[in-house]
Structures are given as structure tokens and as C-alpha cells.
Amino acid sequence: MTAVVAAIGRSGARRLSVLGGLARFALGAFRAAARLTRAGRWVTLRVLINQIRFTALQAIGLVTFLASILSFLVISQTVRQLGRLGATDLIGTVIVVAVIRELGPLLTALIVVSRSGTAIAAEMATNRVMGEVTALEAMGIDPYIYLVLPRMLGAIVSVAALMIVFDGVALASGYFGAALSGMHFQRYTNIVLTTLSAKDVWLTVAKGVVFGSAVALFPSYHGLAVKAGPTEIPQAVTRGVVATIVAIFISSALFVVVAAG
Amino acid sequence: MSPLTSHEVRAGWMAQALKWGRPDAAPLAFIAIDLRDRPDHPDHHFDLTVAPGTTVVAIGDEDSGVGDLGGFALGLRQPLSGRAEVFGARIGQLPYYDLLLFRRRIGYHPVGDGLLQNLSLRDNVALPLRFASDHRQAEVDDRVNQLLEDFRLRAVATLRPAAANEEDRRRAAMARALALDPDLVVLEAPFDGLTGRAAQDLLDKVSRRDDGSRRAVFATAQDLVPSVRRMVDRVVKVADGSAVEEKP
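Being a predicted model, the structure only gives us computed values, none of them experimental.

*Asks:* Please provide a residue-by-residue account of the overall build of chain B, values included.
*Replies:* Scanning chain B from terminus to terminus reveals eight helices and 10 strands. The 248 residues of chain B split such that 56% are buried. Relative to all contacts within chain B whose residues are 6 or more apart in sequence, the contacts with residues 24 or more apart total 72%. When the accessible surface of chain B is summed, it comes to about 10,400 Å², and 48% of that surface belongs to carbon and sulfur atoms.

*Asks:* Please set out the interface of chain A and chain B residue by residue, giving values where relevant.
*Replies:* At the interface, 27 residues of chain A touch 27 residues of chain B. Of the roughly 2,300 Å² buried where chain A meets chain B, counting both sides, 61% is carbon and sulfur surface. Contact with chain B buries area across many residues of chain A, yet Arg-38, Met-139 and Tyr-146 of chain A alone supply 25% of it, more than any other trio. On the surface where chain A and chain B come into contact, there are zero salt bridges. The interface formed by chain A and chain B contains four residue pairs in polar contact (both at pLDDT 80 or more). Listing elements by their share of the side of chain A that touches chain B, those giving two or more residues are helix 2 (38-55), helix 5 (132-138) and helix 6 (143-180) of chain A. Ranked by residues supplied to the side of chain A that touches chain B, first place goes to helix 2 of chain A with seven residues. Counted by class, the side of chain A that touches chain B contains 14 nonpolar, five polar and eight charged residues.

*Asks:* Summarise the pattern of salt bridges; cite the residues concerned and give the values.
*Replies:* Taken as a whole, this structure holds 25 salt bridges over all chains when the rule is applied. Among the ionic pairs, Arg-151 of chain A bridges to Glu-123 of chain A, the shortest N-O distance being 3.0 Å. Highlighted residues: Arg-151 of chain A in helix 6 and Glu-123 of chain A in helix 4 (residues 91-129), separated in sequence by 28 residues. Judged by relative accessible area, Glu-123 of chain A falls into the partly exposed class, the value being 26%. Because the salt bridges share partners, they merge into one network encompassing Arg-105, Asp-181, Asp-183, Arg-209 and Arg-215 of chain B.

*Asks:* Talk me through the confidence of the model for chain B; I want residue IDs and the actual numbers.
*Replies:* Residues and elements named next belong to chain B. Predicted confidence across chain B gives a mean pLDDT of 86, with 90% of residues reaching 70 or more. Every residue in residues 1-10 is under pLDDT 50, and counting partners more than four places away or in other chains gives 22 contacts. Interface scoring of the predicted complex returns ipTM 0.85; its pTM is 0.81.

*Asks:* Quick one: what's the story with the packing of aromatic side chains, residue by residue and with numbers?
*Replies:* As enumerated under the stated definition, the model contains 11 aromatic pairs over all chains in all. Arranged with centres 5.1 Å apart and planes meeting at 90 degrees, the rings of Tyr-175 of chain A and Phe-185 of chain A form a pair that is edge-to-face. Placement of the pair is Tyr-175 of chain A in helix 6 and Phe-185 of chain A in helix 7 (residues 185-195), with a sequence separation of 10 residues. Taking 6.5 Å as the distance between ring centres and 85 degrees as the angle between the ring planes, the aromatic pair formed by Phe-87 of chain B and Phe-102 of chain B counts as edge-to-face.

*Asks:* Could you give an account of the sheet that holds strand 2 (residues 46-50) of chain B, with specific residues and numbers?
*Replies:* By way of backbone hydrogen bonds, the strands of a sheet pair with one another, either parallel or antiparallel. All names here are of chain B. With respect to topology, four strands assemble into an open sheet ordered 2-1-4-5, the strand pairing being antiparallel. On the outer flanks of this sheet lie strand 2 and strand 5 (89-90), each paired with one strand and no other. Direction of pairing for strand 1 (residues 28-33) relative to strand 2: antiparallel, over a ladder of four bridges. Bridge assignment links Leu-28 to a residue of strand 2, and that residue is Val-50.

*Asks:* Give me the lowdown on the packing of helix 4 (residues 121-131) of chain B against helix 6 (residues 166-177) of chain B, citing residues and values where you can.
*Replies:* Residues and elements named next belong to chain B. One way to put it is that helix 4 packs onto helix 6 with a least axis distance of 8 Å and a crossing angle of 20 degrees. Comparing their axes, helix 6 and helix 4 come out roughly parallel. The element helix 4 and its partner helix 6 pack so that their crossing is right-handed. Two secondary-structure elements touch here, helix 4 through Leu-121, Asn-124, Val-125 and Pro-128 and helix 6 through Asp-168, Ala-172, Ala-175 and Arg-176. Split by residue class, the contact of helix 4 with helix 6 holds five nonpolar, one polar and two charged.

*Asks:* Describe unusual backbone geometry, and please don't skip the residues or the numbers.
*Replies:* All names here are of chain B. The phi angle at Ala-32 is positive, at roughly 50 degrees, despite the residue not being glycine. Along the chain, Ala-32 turns up in strand 1. Here Ala-32 falls in the partly exposed class, since its relative accessible area comes to 24%. For Ala-189, which is not glycine, the phi dihedral falls at a positive 40 degrees. Tracing the chain through its elements places Ala-189 in the loop between strand 7 (184-188) and helix 7 (196-207).

*Asks:* Report on empty space enclosed by the protein, specifying residues and quantitative values.
*Replies:* Tallied over the full model, the rule gives one cavity of 30 Å³ or more. When its volume is computed, the largest cavity comes out at roughly 90 Å³. Around the largest cavity, the lining residues are Ala-138 and Met-139 of chain A together with Arg-103, Arg-104, Ile-106, Gly-107, Tyr-108, Pro-128, Arg-176, Ala-177, Leu-180 and Pro-182 of chain B. At the level of elements, strand 6 (106-109) and helix 6 of chain B are the ones that each hand at least two residues to the lining of the largest cavity. Among the residues forming the lining of the largest cavity, the class breakdown is eight nonpolar, one polar and three charged.

*Asks:* Describe the packing of helix 4 of chain A against helix 6 of chain A, with residues and values.
*Replies:* Residue and element names in this part refer to chain A. Where helix 4 contacts helix 6, the axes come no closer than 8 Å and their chain directions differ by 150 degrees. Overall, the two elements helix 4 and helix 6 adopt an arrangement that is roughly antiparallel. Pair helix 4 / helix 6 crosses with right-handed handedness. Considering only residue class, the contact of helix 4 with helix 6 consists of 17 nonpolar, four polar and three charged.

*Asks:* Before we move on, could you go through a nonpolar patch on the surface and cite the residues and values that matter?
*Replies:* All names here are of chain A. Among the surface-exposed residues, Leu-62, Phe-65, Ile-69, Phe-72, Leu-73, Phe-176 and Leu-180 lie close enough to one another that they form a single nonpolar patch of about 700 Å² accessible area. Looking at the nonpolar patch, the elements with two or more residues in it are helix 3 (60-85) and helix 6. Sort the elements by how many residues they give to the nonpolar patch and helix 3 lands first, with five residues. On the secondary structure map, Ile-69 appears in helix 3.

About the criteria used
- Residues numbered from 1 in each chain as written.
- Chains lettered and ligands numbered in written order.
- Predicted model: local features only at pLDDT ≥ 70, side-chain atom pairs only at ≥ 80, totals over all residues.
- Heavy atoms only, no water.
- Helix = DSSP H or I, 4+ residues; strand = E, 2+ residues; numbered from the N terminus.
- Buried < 20%, exposed > 50% of the residue type's maximum accessible area, 1.4 Å probe, protein only.
- Contact = heavy atoms within 4.5 Å.
- Areas by Shrake-Rupley, 256 points an atom, 1.4 Å probe, with all protein chains shown as cover.
- Buried area = accessible area lost by both parts, 1.4 Å probe.
- Salt bridge = Lys/Arg side-chain N within 4 Å of Asp/Glu carboxyl O.
- Polar contact = N/O pair within 3.5 Å; in protein donor to acceptor, adjacent residues only side chain to side chain.
- Nonpolar A, V, L, I, M, F, W, Y, C, P; charged D, E, K, R; others polar.
- pLDDT = per-residue confidence, 0-100.
- Phe/Tyr/Trp six-rings, centres within 6.5 Å; stacked < 30°, edge-to-face > 60°.
- Pairing = 2+ DSSP bridges.
- Axes fitted to C-alpha atoms, helices over the stretch in contact; angles between N-to-C directions.
- Parallel < 35°, antiparallel > 145°, perpendicular 65-115°, else oblique.
- Left-handed = near helix turned anticlockwise from the far one by under 90°.
- 1 Å grid on protein atoms, 1.4 Å probe; cavity = no way out; pocket = protein on both sides within 12 Å on 5 of 7 lines; lining within 4 Å.
- Points joined across faces, edges and corners; volume = space filled by probe spheres on them.
- Patch = residues over 30% accessible without salt bridge, like charges linked within 9 Å, V, L, I, M, F, W, Y side chains within 5 Å.

Encoded structure:
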């Protein structure tokens, strides 16, 4: 019995220590922005634009495809079922609450994690193994500034932008799903616009910032934590991606609580 | 635009970096360092001082502990006992962000070359100027062009490290170490794989500052070819954890 309690305690302590490390890491990344030099700002901007190109632009096709399929399936099925009950007006609530407010941000963040989170973790771990992080520190360069900050800003901008793309595509393809059940464009637009509120806009922005930060911070943290050698890189990538997914789901649930309050 | 003077290169952050250490202190001193990881042998401590404007090389076998000295000098590693002092400051004791700032007074060439693989040789040379100095982009470009010229890297400047040959990578790493015109340069195994002539050329460039005066250079190596040995002021062999003076 004592051994079981000790094992649980050890596991809890380990998780708490990772959380503490992550909090310090996140603080360091935010504080790094204040220490950027003049020329560093210019280079960081260039790296940031590159990050947005890789993270957002190259993912637009996938996001568009998944958003249209998901929205089409959800709306066409919902309209059919609600039509039987004579409650098609509730379609607006379904599309705004289920697709725009919850599934859109969640799926967008998961797409970015699967594409860019893995790349960030692998890149950071490789930087560590190749001695590049030590070389940066030896030159007096803060690795947060050079490695973490541009990726974090890039992920925030990209996730927020892709969420908007997801929402736009979901609304458009949702119409096609609704039209299959005989709903007119005018009615669909009215129902959706009536249900959408300012809260949905700030929730999207807030989720973009939180999910974007998670997409960059967790993989960076686990990537830079590699110590032993190249064999640790795949493990770091797995740890980084799994932690990001868990964090995104937990924060998504917290958003629901906050928005309800 | 004319090339930057060493004063201009360093002016922005130097005031902050100078608040540690003493102006009259030696650029680098290893004091009672245990290189054998056996603190029970106090008779075999490593002591060495690098005077201003001198080039000192520590040589020794792979297992002699000579390879740890560069890390101690930069505060990247801590010795089990003893200490490294840079310009009179106990570098291992500085808080992290102060340490980062202080290291800008030191040029460093790690084992291998430490170049960032996803950057061109040019961008590698520019890295300390962009992220560890206060200069405008135009000033950074001027300084980088000057270094690429000095180290004969213009023709290969756009190559990534993996596409360049070993000598060019070494030249780029040295140019990067000198980007901020540091007072002290620490070189780890800088001549491995180079011809005697290339090693001589690089050591000559590294030991001269932009204003023509000599800078303090500390290098580690397993051995030195005679032509390079003639260029250095002191050679010490690390044997049994202690420094044994050899003839240059």
C-alpha cells in the first residue's frame, strides 16, 4: 500500500516539476521579447514570416478540406434530424456552438500540432543534440530569443489566422449541407448571423493566442530538454505533441467554463 | 559606409558587460582546478594564467581533461573544485542573463565548429552581431562583409555549413568568434584537420585585434604542429591534472 502511494506521489511530483519547468520556460519566452536587439528584431521578423509561411500558408489546404468535410457532415445530418422535429432554426446554434466555437479551434490547433508541433520539437531537439544551443549561449545569445520567440509568435498568428479560415470555410460548406435538405441561402444566413455574437469573436482570438502558445511552447520545452543524444529526439517529439494535445483539450474545457461564467 | 571600428562594434553593450570583473585582472585564469575529477588529490591542481595580448595553448591527451578547459572558461561547465576567472570575474558564479551578457566579451570556437546548420556561413558570422549587439542592420552588414573579406569567405558565404569544406567551416567559426572584436578568444581544438599553413593563417588573424594590437588567445589541442607552436607565447601540457610548461 505504501509503495502504491509512494509511486503515485512520485508521479505527481514529476508532473508538478514539469509544470513548474514549463511555467518558467513560458515566462522566459515572453520576457525574451523585451530583450530583442535592433538587428535582432529585424531577423526575428524574417524568421516569424517564414514560420507563418510554414505553419499557416502551407496548412491552408488541409484546414480548408477538413473544415468543409466536417461542417458539411455535421450540418447536413443536423438539418435532416431537426427538420423531422420542425426545429431547423436551431441549426444556427449547432453551427456556431459546435463548429465555430468548439470544433473549429480544436481541429485547427490539432492540425497545426500535427504539422508544426512535431517539426518544432524535432528541430529544437536537433539543435540541442548538435550543440547549437550551447553555441548560442556561448556567444551570449539567449536561446529563447533566437529559437523560441519567433516560433511562439508565428504559431499564435498562424493558429488564429487558420481558425478564421476554418470558420469561414465551415460556414460556407455548412450552407451546402443545409441546402441539400432544402434550406434557402437567405434563411441560412439569417439563422447563422442571429446566433453569432461578439463573444464568439473574442473567444476565437483568445483561443488563437492560448492554443498557438501551447503549439510552440510544449514542443519547444520538450525538444530543448533533450540531453543524451539523437536517440532521445523521437521521444521528445512524442512528449511534446502529446503534452500539447492534452493542454489544448484542457484549455478548451476551461474556455467553456469561463465563457459560461 | 566605412567598416566599423572595434569601439563602435562593442560600444552598445560593453558598458553593461564591463560591470563584472576588474580592469587590471588577467583576461583568463584557471585557479586550482581539478581536471581529473578526483578532489582527493590536491597536489595535482591545474593553474594557468593567460596574460593580456598573449597566445597560450594547453595541450594534452583526450583523457587529460584538457577538453574541459574551454567550457570552464566560458562558464558552460563547472569544475569539481577550483575556479575559472575571466577578467577577474568568477564566470561560473554569474547569474544566467548576466553571464550571457558577459560572454559577449569572449570569442568562442567550440570543438568541431558549432555553426548553426540551417544558416549560411554568412548568417552564422552575423549571428552575434544581430542578436548580441545593438547595431543597425546596415552596420551589421558592414562588419560581416569585413569579416568575410578578412577570412576569405566571400565566395562560399552563401553555403550552408554542410556544403562547405572543413577549412571554410573553421574560418567561418573563427570569423563568428571575432564578430564582436572580443578582448579574449577561447578556441577548442581549432586546428584539427587543418594544414599547418591554414592553422598559421587562422591563428594570426585571431590573435590580432581590429586596431592592430594583440588580443589574449587561449586554445586547447591534443598536439601542435611546429609551425603553429612557433607562433604562440606559451605552451602548457596537461599531465596528471597539472600544467607542465613546454617550450613554444
